[in-house]
Amino acid sequence: MSAADSSVAHPEHDRSSLSRESLKRAFLDHLLYTQGKSLEIASKNDLYQSLAHTVRDRLVRSWFDTSATHQKRNARTVAYLSAEFLMGPYLGNNLLSLGISHEIRLAMSELGLDLDELLRQEEEPGLGNGGLGRLAACFIDSLATLEVPAIGYGIRYEYGIFYQTIMDGWQVENTDAWLRYGNPWEIQHAEWAVQVKLGGHTEQYTDDSGRFRVRWVPEKTVAGVPFDSPIPGYRVDTTNTLRLWRAEATEAFDFHTFNRGDYLGAVNKKVTSENLTKVLYPNDESVQGKELRLEQQYFFVSCSLQDMLRLQQHRGQPVTSFHKSFAIQLNDTHPSIGVAELMRLLIDEHLVPWDRAWDITRQTFSYTNHTLLPEALERWPLELFRRVLPRHLEIIFEINARFLNEARIHFFGDETRIARLSLIDESGERYVRMAHLACVGSHAINGVADLHSELLKRDLLKDFYAMWPDKFTSMTNGVTPRRWVALSNPRMGKLVTRCIGDGWIKDWSRIREIEPYADDAAFAAEWRAIKRANKIDLASLLLRKTGIKVDPDSMFDVQVKRIHEYKRQHLSALHIAALYHRVKSQRNLDITPRTFIFGGKAAPGYMRAKLMIKLITAIGDVINHDPDVRDRIKVVFIPNFSVTVGQCVYPAAELSEQISLAGKEASGTGNMKFAMNGALTIGTMDGANIEIRDEVGEDVFFLFGLTAEEVYALRREGYRPMDFLRRDGELHAVIELIRSGFFSRGDSALFAPLIDDLLNHDPYMLLADYDSYAACHSRVDQAYRDTQAWTRMSILNTARSGKFSSDRAIGEYCDRIWKARAVPVEKR
Ligand code: CRA
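Residues numbered from 1 in each chain as written. Predicted model: local features only at pLDDT ≥ 70, side-chain atom pairs only at ≥ 80, totals over all residues. Heavy atoms only, no water.

- The protein chain is annotated in an unreviewed UniProt entry as Alpha-1,4 glucan phosphorylase from Achromobacter aloeverae.
- Listed in UniProt under the heading Sequence similarities (unreviewed entry), the comment for the protein chain reads: "Belongs to the glycogen phosphorylase family."
- The record held by UniProt for the protein chain lists under Catalytic activity (unreviewed entry) the comment "[(1->4)-alpha-D-glucosyl](n) + phosphate = [(1->4)-alpha-D-glucosyl](n-1) + alpha-D-glucose 1-phosphate". (UniProt positions renumbered as here; feature names shortened; annotations may be inferred.)

## Some details on helix α32 (residues 787-799)
Next, step 1: Between its first and last C-alpha, α32 extends 18 Å over 13 residues, near the 18 Å set by a 1.5 Å rise per residue.
Next, step 2: Within α32 the residues assigned to the buried category are W790, T791, M793, S794, I795, L796, N797, T798 and A799. (Helix = DSSP H or I, 4+ residues; strand = E, 2+ residues; numbered from the N terminus. Expected span 1.5 Å × (residues − 1). Buried < 20%, exposed > 50% of the residue type's maximum accessible area, 1.4 Å probe, protein only.)

## Some details on the side chain of Q329
Next, step 1: Following the sequence through the fold, Q329 ends up in strand β11 (residues 326-331).
Next, step 2: A polar contact is formed between the side chain of Q329 and the side chain of S366, at a distance of 2.6 Å.
Next, step 3: Residues contacting Q329, with those up to four places away along its chain left out, are A79, Y80, L81, S366, Y367, T368, N446, Y813, I817 and W818. (Polar contact = N/O pair within 3.5 Å; in protein donor to acceptor, adjacent residues only side chain to side chain. Contact = heavy atoms within 4.5 Å.)

## Quick word on the UniProt feature "modified residue: N6-(pyridoxal phosphate)lysine" (unreviewed entry) in the protein chain
Next, step 1: With numbering aligned to this structure, UniProt lists the feature "modified residue: N6-(pyridoxal phosphate)lysine" (unreviewed entry) at K673.
Next, step 2: Mapped onto the elements, K673 comes out in helix α25 (residues 670-676).
Next, step 3: Using a relative accessible area of 5% as the deciding quantity, one classes K673 as buried.
Next, step 4: Excluding residues within four positions of it along the chain, K673 makes contact with R134, V479, W484 and Y650.

## Topic: the site of the ligand
Next, step 1: Surrounding the ligand, one finds 16 residues, the nearest of these being E285, H370, N477, E665 and G668.
Next, step 2: Between the ligand and H370, the relevant distance is 2.6 Å, taken from an oxygen atom to a side-chain nitrogen or oxygen of the residue.
Next, step 3: Interatomic distance of 2.7 Å between a side-chain N/O atom of E665 and an oxygen atom of the ligand.
Next, step 4: Contact with the protein chains hides 95% of the accessible area of the ligand, taken as 420 Å² for the molecule alone. (Near = heavy atom within 4 Å. Areas by Shrake-Rupley, 256 points an atom, 1.4 Å probe, with all protein chains shown as cover.)

## Some remarks on the pairing of strand β19 (residues 594-599)
Next, step 1: By the criterion of burial, β19 is predominantly enclosed, with six of the six residues buried.
Next, step 2: Residue alternation in β19 divides its side chains into two sets, R594, F596 and F598 and T595, I597 and G599, and both sets are buried.
Next, step 3: Examined bridge by bridge, strand β18 (residues 555-560) and β19 share six bridges and lie parallel to one another. Within β19, the position partnered with V558 by the bridge is I597.
Next, step 4: Once you follow β18 into helix α22 (residues 569-585) and on to β19, the crossover reads as right-handed. (Pairing = 2+ DSSP bridges. Right-handed = clockwise from strand over helix to strand, strands pointing away.)

## Digging into the environment of I623
Next, step 1: The topology assignment puts I623 in helix α23 (residues 607-625).
Next, step 2: C-alpha separation for the pair I623 and F743, spaced 120 residues apart in sequence, amounts to 9.4 Å.
Next, step 3: Once you skip the residues sitting within four places of it in the chain, I623 turns out to touch I576, Y580, V629, I633 and V635.

## Some thoughts on the environment of I41
Next, step 1: Mapped onto the secondary structure, I41 falls in the loop between α1 (20-34) and α2 (44-73).
Next, step 2: You can call I41 exposed: its relative accessible area is 56%.
Next, step 3: Residues I41 and V352, 311 residues apart in the sequence, show an inter-C-alpha distance of 61 Å.

## Some details on unusual backbone geometry
Next, step 1: Phi angles above zero are rare outside glycine, and E147 is one such case at about 60°.
Next, step 2: Mapped onto the elements, E147 comes out in the loop between α6 (131-145) and β2 (150-155).
Next, step 3: One non-glycine residue, R745, adopts positive backbone phi at about 50°.
Next, step 4: Secondary-structure assignment places R745 in the loop between α29 (729-739) and α30 (752-760).
Next, step 5: Accessibility expressed as a relative area gives 74% for R745, which makes it exposed.

## Considering the packing of α29 against α30
Next, step 1: Relative to each other, α29 and α30 sit at 150°, their axes nearing to 10 Å. By the angle class used here, α29 and α30 are roughly antiparallel. The hand of the α29/α30 crossing is left-handed. Residues I735, I738 and R739 of α29 lie in contact with α30, whose contacting residues are I755, D756 and L759. (Axes fitted to C-alpha atoms, helices over the stretch in contact; angles between N-to-C directions. Parallel < 35°, antiparallel > 145°, perpendicular 65-115°, else oblique. Left-handed = near helix turned anticlockwise from the far one by under 90°.)

Structure, rendered in structure tokens:
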């Protein structure tokens, strides 16, 4: 029995539908009636689909008891609006929530099937780029587990984040046709479809009662169809909903074209409408300013707001108390058009007067900012915006005029500040500033870690902070201990449960209770054995995926995250090349054997990031094959890092690389997953690293590098990377080695774009931090040799990671921003 199946009784445990016999029967029924197969001829996918349906059936009862309760109680509902939900595979997590993994495993094995193999069949829905999308997934897990009424609203992309392969060391993108074999976790609700207008123009008129009104005459209308997936809380009766919208052509629209006799034209327009939700933009923290992207954002936000208004009506509540029923969180600026859309719906369609509508809107929305990077700040060229959303532009102008009047009183005579605050950037070509719309239309604004929130107040949003200091708050991110410990690391879960019970799964702060075991030799030995077993699992995955054999007794030093210059994977690459240089120049060098593991995707158009992947794989290629290294250093790049791969990586890691330039990583959440699973952090004073270090203690954290303050100071003084290079002989040699083409079969031009940039500009200050990083790694090297001390640190690290559960984060959002509470579900 795994930790996941521990003694906590699921409320439905006594139900006969969860018995092994009925699970088996239901499974065989689905195989026959849903898949149309018998056991003898079923494909692996048939088996997986049947099992998934069997499990889904067992969620349906609590799913609609949940919505019935929420409706009856008219409970304040959190609507989490996010362009991305990076859910990861559902099956394992749903089994965990229901508490039936053990029974299912037995049921399957009695049918001669292996549950693990079926779990591996699931294609994960990769509907997100990285941290932001995965955060949304952790948050809806916590909302359900905390029994808070909530709906996740997003887009049902037909193609999620691309599937990454590595060819000759380069990233190659492949389409992710995740829906190819069907998605058993969704239910389509055609009856709740809504219509979304796009383009066209507006007209003013006076209605029958003499009221001045505006009519939006769209160029086209697209239908939004909701696809719902159940989000069960862990061992509670609450099953919330993730509602993702798919774009379809509207029939009305087709008829119009048909009537003109243009059959092919109608079909073509149908295809165009459906393009809206075809593909996820694969950029993490950079915007492309593409019309389709604005349409995607508007589409899902409009669908979601119309849906909430429908629910409001269904609950028998007036639109004017919308803000009492819904707390809408904007996950970054992607859904911020919601501010203008809710205003439009209230004013144009529900005839609510402006001031009242504005009041409702502001009380409804709150905004989370996720980055300070300028290239991620969304702004739309005004003309493009007008073309897609003519009515919204008018509304934004009106919001802006009223807002700037208020600002002028606040900042009397300070017109440069007024221009900075404006929702319209008029410094050159005109743009609509989406972050400003989000700030003005929300009652709360938060950053995702304390440093990030401070920097928002000091830099990016300083004018808004000066105007409305009380709107600003900090909410440090968190991750769910269900998926990231109980499900991913069952060995550790079992050990912890044996020692302190299984309360940690729902209340991760209780993990503290293992702290005394840090000095218990037997516990430490088991802890080590578990890490080793997890490393062996990962080693076999690496062998399968890359053909590279690694030593499970070497230190697993891991950096998995999106590939980005600010995250500085190339800093690690420089250090690895330096280690190699050392090994080559000192024959008998005594080093701790290490396996450097990398994983992550580069945005397809981000050439520098793609070159960073090539640099890592190229260095690895030389090192992995050089007999002088004697296998003491291995470098592996795992292709297609995803939630599924992450579940195998975090539990096996011993050192977690969190090495962004201070002030650049808003929070990070991988850092938390590593810490919970007992990997020590080597990191800078950036994002949530700072808080991790505060919690685990400075002696359990390998700190290096400039602080954000020092980074600013150095930049102010004028940063000259060459000054740092001259001081460091080893670094100089390494850079020359790369530059000479040593790692690129003599091609000295290949890495020039990266290297020249480091020497001349180095915007992420690798050279300034290099020394400190390399010295820190020497301390890591020494520390790892003392196995007992290392294990002790690892245990303490996990024991003190209690703060980083998304349950804590969601608790804070509920108290401080959403004013939402738990509503236990009444069973029918
Ligand atoms: N890329 C930040 O960079 C943060 C997550 C979630 C990011 C991470 O440091 O942990 O958000 N920002 O808050 C982002 O997507 C648009 O900005 C991220 O995932």
